Amino acid sequence: MANESNNFQELISHCKEYGYIFQSSELYDGLSAVYDYGQLGAQLKKNLRDAWWKSMTQLHDNIVGIDAAIFMHPTVWKASGHVDNFSDPMIDNKDSNKRYRVDHLIEAYAETLDETKGKAILAEMDRLLAADDLSGLKQLIEQHQIKCAISKTCNWTDVRQFNLMFSTQIGSVAEEADTIYLRPETAQGIFVNFLNVQKTGRMKIPFGIAQTGKAFRNEIVARQFIFRMREFEQMEMQFFVRPGTQMEWYNYWKETRKKWHESIGIPAEKLRFHNHIKLAHYADAALDIEFEFPFGWKELEGIHSRTDFDLTQHATYSKKKIQYFDNDLNEEGKAYGNYTPFVVETSVGLDRLFLTVMSLAYAEEKWTKEDGTEDSRVVLRIPTALAPTKLAILPLLKKDGLPEIARELLDECKPHFHCFYEEKDAIGKRYRRMDAIGTPFCVTIDHQTKEDQTVTIRYRDSMLQERMPMSKVKDMILEKIDT
Ligand code: GAP
């Protein structure tokens, strides 16, 4: 497992070398903190997105999915609080002109200290951040003589809040154009459609609305590969509940989401909860599901109890009534109710989930063979259900009718799952390449296939090989994908 930071660089190179992830606009030397997913990466990402979508919208009969636009009316972001509050405290070094996120600067310094001192400074930082004490944060930096990594000086500006939203203009005539924002979260597309979905879908509370899609944040310090990007994808679900029941649902979703991560192959011991000390402007409770990335424990998913903040704000700013009429309250003998539902949100970054799966899958293996010689391989142990390519079909030779038989198997399997066909190179080399891209099964068609219609199946994880009837290959793989 790539759980050592020195393996992280190798994982990044591997992603590029095998068509998983490329730097955006690499031809022009790249665009910082923006990445493109290659032919295998796009498929793995889709498999993850599909697994999430299925778990939310198919396996929960009270959750439906939507696809709202990225562009939204500018007042949405005023109402949601993002125009005024969606910012990070930043500080500039006057000698290098380099801008830092204050928490990142202090965290990097804390890592250079012994554990007790490091924890003390981080606790002080958390206290100052929770109190929005910007001058206190500057004093903390000066008091510890924290230096800029480039200029090596402590010549700092004041700490300022820096809004993370990207803005652009909509409209063709400059004077008439309106400033709009690229959405920094997908959630608002759900809130503004609450009534549309509730009414047209005749949804009864409690119910959820799910959505996946791009979000954009002008992250000043974008780092750790696809962990923190400026353009990324979120998978969010807003669960609308009766006021007063939100903590019950918060606990339900906290456990349900952690179990879901485990169900796609993330070991329980690599996941933990981290309660927020400083709550976002909309939340009355919040936690992160953290994963132990190669560079430490970091947020993978957020679970937020968002109260009725967003719906109330949109009702105020749009001057429309956004409420739910709860018939069931009457049936339960309680007062009839029109109320603004409370919301529990689950929000996971698809790119972070991708990085989680890849960092668990990447392994460099070495072993001694029976003849005493050394052998090695790089393998991506991606769970079968998620692997971009499920089966490689490899005729042993490019002649004697073997490619024709192989193509018959390809035609049988490709309507059901992704296959890869390859007839070049020695078989050992082809197996290594399939290990490196994470293909869980390879099937070799040889001369014996012509006699008894059996093939050699080779398993990626164990490297074991066995013969099986060619007619059973498709069903065996379908069974593995389903488990
Ligand atoms: N709607 C709530 C919300 O957006 P968040 O904690 O800011 O909450 C949710 O973001 C998730 O989105 C995070 O847990 C993370 O997985 C992902 N995410 C946030 N910022 C990101 C970035 N710059 N790059 C990649 N993923 C990001």
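On a predicted model such as this, the values are computed, not experimentally measured, just so you know.

Our focus in this paragraph is the overall build of the protein chain. Within the protein chain one finds 17 helices and 23 strands. Dimensions of the protein chain, computed from the C-alpha atoms along their principal axes, are close to 75 × 65 × 55 Å. By the burial criterion, 50% of the 483 residues in the protein chain qualify as buried. For the protein chain, the proportion of contacts with a sequence separation of at least 24, taken over those separated by at least 6, is 65%. By element, 49% of the accessible surface of the protein chain is carried by carbon and sulfur atoms, the whole surface being about 23300 Å². Counting 62 positive and 73 negative side-chain charges, the protein chain places the centres of these two groups 1 Å from one another.

Packing of helix H2 (residues 39-58) against helix H10 (residues 246-263) leaves a shortest axis separation of 12 Å and a crossing angle of 140°. Relative to H10, the element H2 lies oblique. Judged by the sense of rotation from one axis to the other, the crossing of H2 with H10 is right-handed. Between H2 and H10, the residues in contact are Ala-51, Trp-52, Ser-55 and Met-56 and Trp-253, Arg-257 and Trp-260, respectively. Along the lines of polarity and charge, the residues of the contact of H2 with H10 split into 5 nonpolar, 1 polar and 1 charged.

We now examine H10. The end-to-end C-alpha distance of H10 is 25 Å, a good match for the 26 Å that 18 residues give at a rise of 1.5 Å each. Within the span of H10, buried status applies to Gln-246, Trp-249, Tyr-250, Trp-253, Lys-254, Arg-257, Lys-258, Trp-260 and His-261. Down the axis of H10, the buried set is contained in an arc of 160°. They therefore lie on one face. Exposed and oriented more than 90 degrees from the buried face of H10 are Glu-248, Lys-259 and Ser-263. One or two positions beyond H10, positive phi appears at Gly-265, with a value near 110°.

As a further point, take the packing of aromatic side chains. Scanning all chains against the criterion turns up 20 aromatic pairs. Relative to Phe-207, the ring of Phe-194 has its centre 5.9 Å away and its plane inclined at 15°; by these criteria the two rings are stacked. Of the two residues, Phe-194 sits in helix H9 (residues 194-200) while Phe-207 sits in strand S9 (residues 207-216), which places them 13 residues apart along the sequence. There is no split in this pair, since Phe-194 and Phe-207 are both buried. One aromatic cluster is present, built from ring pairs that chain together Phe-8, Tyr-35, Phe-225, Phe-227, Phe-291, Phe-293 and Phe-295. Directly above the ring of Tyr-282 sits Arg-306, whose terminal nitrogen or CZ lies 3.7 Å from the centroid. Here the basic side chain of Arg-352 rests over the ring of Phe-227, its NZ or CZ set 3.7 Å away from the ring centre.

Another point: the domain arrangement of the protein chain. As far as domains go, the protein chain holds domain 1 (39-85 + 166-358), domain 2 (89-162) and domain 3 (389-482). Distance between the C-alpha centres of domain 1 and domain 3: 41 Å.

Quick look at the site of the ligand now. Around the ligand there are 21 residues in total, and Glu-185, Met-229, Glu-236, Glu-299 and Leu-300 lie nearest to it. Within the side chain of Arg-306, a nitrogen or oxygen atom sits 3.4 Å from a nitrogen atom of the ligand. In the complex, 93% of the free accessible area of the ligand, which totals 550 Å², lies under the protein chains. Contributions of two or more residues to the shell around the ligand are made by strand S10 (231-241), strand S13 (296-307) and strand S16 (342-349). Broken down by element, the shell around the ligand gets its largest block of residues, 6 residues, from S13. For the shell around the ligand, the per-class residue count stands at 6 nonpolar, 5 polar and 10 charged.

Structurally, Gln-238 can be placed in strand S10. Of the residues examined, Gln-238 reaches a relative accessible area of 0% and is grouped as buried. Along the sequence, Gln-238 and Ile-209 sit 29 residues apart, while their C-alpha atoms lie 5.4 Å from each other.

Turning to the state of the cysteines, a few remarks are in order. Inspection of every chain in the model, using the stated rule, returns 0 disulfides. Distance from the sulfur of Cys-15, which forms no disulfide, to the nearest cysteine sulfur (Cys-442) is 20 Å. Cys-413 provides the cysteine sulfur closest to Cys-419, a residue in no disulfide bond, and the two sulfurs are 5.0 Å apart.

A few words on the sheet that holds strand S22 (residues 454-459). Pairing between sheet strands relies on hydrogen bonds along the backbone, with the strands arranged either parallel or antiparallel. Taken in spatial order, the 5 strands line up as S20-S19-S21-S22-S23 in an open sheet, and their pairing is mixed. The strands lining the two open edges of the sheet, one partner per strand, are strand S20 (419-421) and strand S23 (465-469). Between one strand and the next, the sheet's axes are offset by a mean angle of 25°, whatever the strand orientation. Relative to strand S21 (residues 441-445), helix H17 (residues 473-482) is tilted by about 175°, and along the sheet it contacts strand S19 (391-395), S21, S22 and S23.

Turning to the pattern of salt bridges, a few remarks are in order. Opposite charge on two side chains allows them to pair when their charged atoms are near. Under the definition given, this model contains 37 salt bridges. Arg-306 serves as the salt-bridge partner of Asp-310, at 3.0 Å between the closest nitrogen and oxygen. Overall, Asp-310 belongs to the buried group, its relative accessible area being 1%. Between Glu-345 and Arg-306 there is a salt bridge, with the nearest N and O atoms lying 2.8 Å from each other. Here the residue Glu-345 occupies a position in strand S16, and Arg-306 occupies one in strand S13, the gap between them amounting to 39 residues. Note on Arg-306: relative accessible area 0%, which makes it buried. Several salt bridges converge on common partners, so that one network encompasses Glu-365, Lys-369, Asp-375, Arg-377, Arg-381, Arg-432, Asp-435, Arg-458, Arg-460 and Asp-461.

Criteria and thresholds
- Residues numbered from 1 in each chain as written.
- Predicted model: local features only at pLDDT ≥ 70, side-chain atom pairs only at ≥ 80, totals over all residues.
- Heavy atoms only, no water.
- Helix = DSSP H or I, 4+ residues; strand = E, 2+ residues; numbered from the N terminus.
- Buried < 20%, exposed > 50% of the residue type's maximum accessible area, 1.4 Å probe, protein only.
- Contact = heavy atoms within 4.5 Å.
- Areas by Shrake-Rupley, 256 points an atom, 1.4 Å probe, with all protein chains shown as cover.
- Lys, Arg positive; Asp, Glu negative; His and termini not counted.
- Charge placed at Lys NZ, Arg CZ, Asp CG, Glu CD.
- Axes fitted to C-alpha atoms, helices over the stretch in contact; angles between N-to-C directions.
- Parallel < 35°, antiparallel > 145°, perpendicular 65-115°, else oblique.
- Left-handed = near helix turned anticlockwise from the far one by under 90°.
- Nonpolar A, V, L, I, M, F, W, Y, C, P; charged D, E, K, R; others polar.
- Expected span 1.5 Å × (residues − 1).
- Arc of directions from axis to C-beta.
- Phe/Tyr/Trp six-rings, centres within 6.5 Å; stacked < 30°, edge-to-face > 60°.
- Lys NZ or Arg CZ within 6 Å of the ring centre and 35° of its normal.
- Domains from an automatic or database assignment.
- Near = heavy atom within 4 Å.
- Polar contact = N/O pair within 3.5 Å; in protein donor to acceptor, adjacent residues only side chain to side chain.
- Disulfide = S-S within 2.5 Å.
- Pairing = 2+ DSSP bridges.
- Salt bridge = Lys/Arg side-chain N within 4 Å of Asp/Glu carboxyl O.

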